Amino acid sequence: MIRTAGLVKNYGRVTALRGIDLEVPAGAVYGFIGRNGAGKTTTLRILAGLLVPDGGVAEICGRDVVENPRAVRAAVGYMPDFFGVYDGLRAGEYLLFYAATYGIRGERAAKLRDDLLELVELGDKREDFVDTLSRGMQQRLCLARSLIHDPPVLLLDEPASGPDPMARVKMREILKELCRLGKTMLISSHILSELADLCTHIGIVTGGRLVRQGPLNEILAGAAERNIIMRCNEQLPEAVKLVAGWPGAEIVNATKEQIEFRLAGGPADMAGLLRALITLGVPVTHFAQTEQSLEETFIQLAGEGNGA
Ligand SMILES: Nc1ncnc2c1ncn2[C@@H]1O[C@H](COP(=O)(O)OP(=O)(O)OP(=O)(O)O)[C@@H](O)[C@H]1O
């Protein structure tokens with residue numbers, strides 16, 4: 001539904017994107033995660049047709065964004081991270097104005113305005129001036145604006161950020177509703193945990209490169225399965241010796257009761273090491289991955305990208 005291949009963008013001598021290959025399936029809620037300056041806004045602006053890439057391709061619904069700007073504009077709702085405040089315009093008028101830019105007027109526009117204000121929980125703010133609304137409310141109004149032409153694809157730049165926790169919760173609820181309505185969403189954020197309960201997929205971008213992408217659970221499992229704690233009642237020195245010499249294993253800490261180590265590879269590698277310990281006769285009482293917080297996962301993945 002959204003695809004980029006080898007996307008490159010330079011701003012003068014600054015290279016913002018160094019070959020981004022995004023793959024967002026239809027109906028996915030894709031969390032596009034990266035620190036400030038990683039290249040998220042640049043990617044979203046290219047997909048929205050607001051910036052022209054210097055290399056690579058970007059497609060929405062199979063259409064190249066540079067070659068088919070009209071079709072892409074119809075298919076995409078874009079919510080920027082910064083939005084201007086409109087002096088003297090009321091929330092309802094703001095939406096009618098944007099409806100008119102898509103040729104929607106009269107009764108249809110009025111109904112759309114009311115439905116969208118309801119969806120973003122601003123039904124009672126229709127007559128309020130936009131510049132008097134809180135930042136969270138302005139963000140939700142901006143989201144309503146991006147929905148005005150009922151696009152199947154939404155590109156949302158940091159929608160769940162902002163200092164007000166209540167506003168963040170409200171925004172997440174609305175995004176979940178949009179997911180139920182079948183929208184395909186690419187949502188950028190610099191905080192993974194902010195999006196984790198919402199996303200079906202994530203991509204981690206660092207220094208203009210995508211270092212990981214895929215279904216959320218696979219990415220988290222892949223990052224977490226390396227930290228293991230093993231305990232046994234006796235024969236710990238034998239266990240330490242075996243783990244220390246095991247390919248891909250690295251002991252982090254060993255006490256009288258337990259060994260904590262990192263292990264490269266997947267579940268099969270874990271099972272292989274456990275089998276070897278038992279074959280050696282070590283009475284293993286505990287052998288499990290440690291819980292890793294989402295932010296630790298992100299830092300680990302982003303760090304690996306930096307080193308690449
Ligand atoms: N108009 C511009 N002129 C020059 N450099 C720019 C411009 N816009 C972005 N950059 C640079 O390109 C890189 C990527 O910026 P981008 O805004 O895409 O990152 P981001 O991940 O969206 O970060 P943020 O969350 O801070 O917006 C950064 O190094 C940034 O300083």
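None of these values were measured; they are calculated from a predicted model. (Residues numbered from 1 in each chain as written. Predicted model: local features only at pLDDT ≥ 70, side-chain atom pairs only at ≥ 80, totals over all residues.)

## Quick word on the overall build of the protein chain
Operational definition: Secondary structure counts use DSSP, requiring at least four H or I residues in a row for a helix and at least two E residues in a row for a strand, with both numbered from the N terminus. Any residue whose C-beta has 12 or fewer other C-beta atoms within 10 Å is treated as exposed, any with 20 or more as buried, and any in between as partly exposed, C-beta atoms being built from the backbone.
What the protein chain contains, in helices and strands, is 11 helices and 15 strands. Oriented by its inertia axes, the alpha-carbon framework of the protein chain measures out at about 80 × 40 × 30 Å. A buried classification covers 37% of the 308 residues belonging to the protein chain.

## Section: the pairing of strand β13 (residues 249-254)
We count it as follows: Strand pairing is defined by DSSP finding a minimum of two bridges between the two strands.
In terms of residue burial, β13 counts as a barely covered element, since only zero of its six residues are buried. Relative to strand β14 (residues 258-263), β13 runs antiparallel, the two sharing five bridges. Looking at β14, one finds that E250 is bridged to R262. Hairpin connection from β13 to β14: three residues lie between these consecutive antiparallel strands.

## Topic: the pairing of strand β7 (residues 76-79)
Neither face of β7 is left uncovered, since the one carrying V76 and Y78 and the one carrying G77 and M79 both have all their residues buried. Relative to strand β8 (residues 153-157), β7 is paired through four bridges, and the arrangement is parallel. Paired with G77 across the two strands is L154, which belongs to β8.

## Regarding the site of the ligand
Counted only if it meets this: In this analysis, residues qualify as near a molecule or strand once their C-beta atom, positioned from backbone atoms, comes within 6 Å of it. Here the term charged refers only to Asp, Glu, Lys and Arg, the term nonpolar to Ala, Val, Leu, Ile, Met, Phe, Trp, Tyr, Cys and Pro, and the term polar to all other amino acids, Gly among them.
Within the structure, the ligand sits among 13 residues, and Y11, A16, N36, T41 and T42 are positioned closest to it. Elements represented by at least two residues in the shell around the ligand include exactly β2 (14-20) and α1 (40-47). Of the residues contributing to the shell around the ligand, the split by class is four nonpolar, seven polar and two charged.

## Structural notes on the nonpolar core
Definition in use: By definition, a nonpolar core groups buried Ala, Val, Leu, Ile, Met, Phe, Trp, Tyr and Cys residues that connect through C-beta atoms lying within 7 Å of each other.
Residues Y30, L47, L141, L155, M185 and L186 are the most contacted members of the largest nonpolar core, which totals 66 residues. By size, the runner-up hydrophobic cluster in this structure holds 10 residues, among which are I228, F261, L277 and V282.

## Focus on the domain arrangement of the protein chain
Put simply, the rule is: These domain limits were set by an automatic method or by a database of domain assignments.
Partitioning the protein chain into domains gives domain 1 (2-213) and domain 2 (225-307). Here the C-alpha centre of domain 2 lies 41 Å away from the C-alpha centre of domain 1.

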